[in-house]
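Listed here are the chains, written in short residue letters.
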Amino acid sequence: MSRTAPAKTGAAATADAAAAPPGAAAPAGRPRLTVNVRQSGIYIAFALIVVLFAVLTGGDLLQPQNISNIIVQNSYILILAIGMILIIISGHIDLSVGSLVGVTGAIAAWLMVSHHVAWPVALLLTLVAGAAIGAWQGYWTAFFGIPSFIVTLAGMLLFRALTMTVLGNQGLGPFPDQVRTLSNGFTSGYFGNVGLGPLGGADLFSLLVGIVVVAGLAVSRWRTRATRLGYGQTVDPVPVFLLKIVAAGALIMAVTVQLARFHNLPWVLVLLAVLVLAYSLLTARSVFGRHVYAVGGNLQAAVLSGVRAKSVVFWLFVNMGVLSALAGIIFAGRLNQAGPTAGNTFELDAIAAAFIGGAAVQGGVGKVVGAITGGLIMGVINNGMSLMGAPSERVMLVKGLVLLAAVAFDVWTKRRAGSPLLR
């Protein structure tokens, strides 16, 4: 029969802390060297996948034009992934986003092409239509109490039928130049080019934007670290902290240099950067963001704490509708027409991006940056296997295995954290 040992104090406690295994918790406010496998695993996996396909494609994956193609071709999936991660964090799911992309693209084409509405007004009306559709689904889910799986499954069918009705089962285009520029265009070379030695010339403005982004990231991380220390929380040691900043900065600048060597920064990348920054701040530093995690983590406790859970879920679906409309505009502008099959299977890619990016099946866990990383993993797999000439069935096989592995990893980490013997 085991007995509880008396607590140690003074020098004994200090010696025990020094001899603690690497995975043990560090005293509050002290730097510690630990690796959160759940949070860091997705970024390590992304790096390994990029290296793998870079080798298999003979370096073609990392060519400037191909990097630009990966961003442009997956921009609408990444936009959907931002909204989907919030829905999943709250403990819900949205199966209708692909059909929403189709119907909002059709609405935009109907306004701009068929009725010659000025493109800024048409874009605004399309976003409002997306919000209205999101509100429709949010009402049935949040206030009427129908499971989101059923509501959005019905929406997937309803909005696909509406797309075909609006378009008359045929494509509608072309779109104005401004809409096509948003989808496929690049920023202008405001300051000309600068020589980069063996790499050739590169757009100076794009390089300056990359430097500003890296500097902003470093300042933000440093302030976050200082705040955590002020509250007595554990933080990384300075060398580890600096290593993470340098690694992230090197990745950002490597991508920026490649883009600057091709056609400068894609406008959709600028849009994505704004969305990622805005939604990262929303989830990490706003009351609404904390309520989203609370609703997904423990609904009953959130309600007892005064969180208006129904309102939170409702507005999440409104937000998903707006982002779906934005993705619909981007996708239709890229193809230069709205089609009745636009958005097919997009919901599966967005859901896969969220889960691969670290979202928990039960809700309450996930980050916007993780969802973007998950979407990029899917994009790199698609692009890399396409460069290798792999058939479509093999691409689907690999993507399915990656998704299964990501969810299995989530379940495994939960079991490991819940077992005292495996901590």
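Above this text you will find the structure in question.
Just so it is clear, the model here is predicted, and its values are computed rather than measured.

Caption draft 1: Focus on a nonpolar patch on the surface. Side chains of Tyr190, Phe191, Leu208, Ile211, Trp267, Val270 and Val274 sit close together on the surface and give an oily, nonpolar patch of about 650 Å² of accessible area. Contributions of two or more residues to the nonpolar patch are made by helix H9 (204-230) and helix H11 (267-285). In terms of residue count, H11 provides more of the nonpolar patch than any other element does, three residues in total. For Val270, the location among the structural elements is in helix H11. For Val270, a relative accessible area of 30% puts it in the partly exposed group.

Caption draft 2: Spotlight on the packing of helix H5 (residues 97-114) against helix H14 (residues 309-335). Where H5 meets H14, the axes come as close as 7 Å, and the angle between the chain directions of the two elements is 60 degrees. Between H5 and H14, the interaxial angle falls into the category oblique. Read as a crossing pair, H5 and H14 show a hand that is right-handed. Residue-level inspection shows Val97, Leu100, Val101, Thr104, Gly105 and Ala108 of H5 in contact with H14, the latter providing Met320, Gly321, Ser324, Ala325, Ala327, Gly328, Ile329, Phe331 and Ala332.

Caption draft 3: View of the pattern of salt bridges. A complete count under the given rule lists three salt bridges for this structure. For Arg180, the salt bridge identified is with Asp177, shortest N-O distance 2.2 Å. Within this pair, Arg180 and its partner Asp177 are both found in helix H8 (residues 177-184), separated by three residues, close to a single helical turn. Given the relative accessible area of 26%, Arg180 is considered partly exposed. For Asp177, a relative accessible area of 49% corresponds to the partly exposed category. Between Lys244 and Asp236 there is a salt bridge; the shortest N-O distance is 2.8 Å.

Caption draft 4: Up close: the packing of aromatic side chains. In total, this model carries 11 aromatic pairs according to the counting rule given. Between Trp136 and Trp140, the aromatic rings sit 5.7 Å apart at their centres with planes inclined by 75 degrees, giving edge-to-face as the arrangement. Of this pair, Trp136 and Trp140 both sit in helix H6 (residues 119-143), four residues apart, which is roughly one turn of the helix. By relative accessible area, which is 25% here, Trp140 ends up partly exposed. For the ring pair Tyr139 and Phe143, a centre distance of 6.4 Å and an interplane angle of 35 degrees mean the geometry is tilted. You can see Tyr139 and its partner Phe143 sitting in helix H6, four residues apart, about one turn around the helix. Taking relative accessible area as the criterion, Tyr139 reaches 39% and is therefore assigned partly exposed. Look at Phe143 and you get partly exposed, because its relative accessible area is 41%.

Caption draft 5: Up close: the nonpolar core. If you look at the biggest cluster of nonpolar residues, it comprises 53 residues, and the most contacted ones within it are Ile79, Leu80, Ile82 and Ile85. Taken together, the elements giving at least two residues each to this core come down to helix H4 (75-89), H5, H6, H11, helix H12 (287-297), H14, helix H15 (346-356) and helix H16 (368-387). Beyond its immediate sequence surroundings of up to four residues, Ile79 is in contact with Leu271, Leu272, Leu275, Leu323, Leu326, Ala327 and Ile330. Core analysis: the next-biggest nonpolar cluster, separate from the first, contains 21 residues, Ala109, Leu111, Ala332 and Ala338 among them.

Caption draft 6: Summary view of the side chain of Asp94. Assignment of secondary structure puts Asp94 in the loop between H4 and H5. At 11 Å, Arg160 is the nearest oppositely charged side chain to Asp94, a buried residue that forms no salt bridge. A distance of 2.6 Å separates the side chain of Asp94 from the side chain of Ser96, its partner in a polar contact. Sequence-distant contacts of Asp94, that is, excluding residues within four places in its chain, are made with Met84, Ile87, Gln137, Thr152, Phe317, Met320, Glu347 and Ile351.

Rules used throughout
Residues numbered from 1 in each chain as written. Predicted model: local features only at pLDDT ≥ 70, side-chain atom pairs only at ≥ 80, totals over all residues. Heavy atoms only, no water. Patch = residues over 30% accessible without salt bridge, like charges linked within 9 Å, V, L, I, M, F, W, Y side chains within 5 Å. Areas by Shrake-Rupley, 256 points an atom, 1.4 Å probe, with all protein chains shown as cover. Salt bridge = Lys/Arg side-chain N within 4 Å of Asp/Glu carboxyl O. Helix = DSSP H or I, 4+ residues; strand = E, 2+ residues; numbered from the N terminus. Buried < 20%, exposed > 50% of the residue type's maximum accessible area, 1.4 Å probe, protein only. Axes fitted to C-alpha atoms, helices over the stretch in contact; angles between N-to-C directions. Parallel < 35°, antiparallel > 145°, perpendicular 65-115°, else oblique. Left-handed = near helix turned anticlockwise from the far one by under 90°. Contact = heavy atoms within 4.5 Å. Phe/Tyr/Trp six-rings, centres within 6.5 Å; stacked < 30°, edge-to-face > 60°. Core = buried A, V, L, I, M, F, W, Y, C linked by side-chain atoms within 4.5 Å. Lys, Arg positive; Asp, Glu negative; His and termini not counted. Polar contact = N/O pair within 3.5 Å; in protein donor to acceptor, adjacent residues only side chain to side chain.

In short, geometric facts, not functional conclusions.
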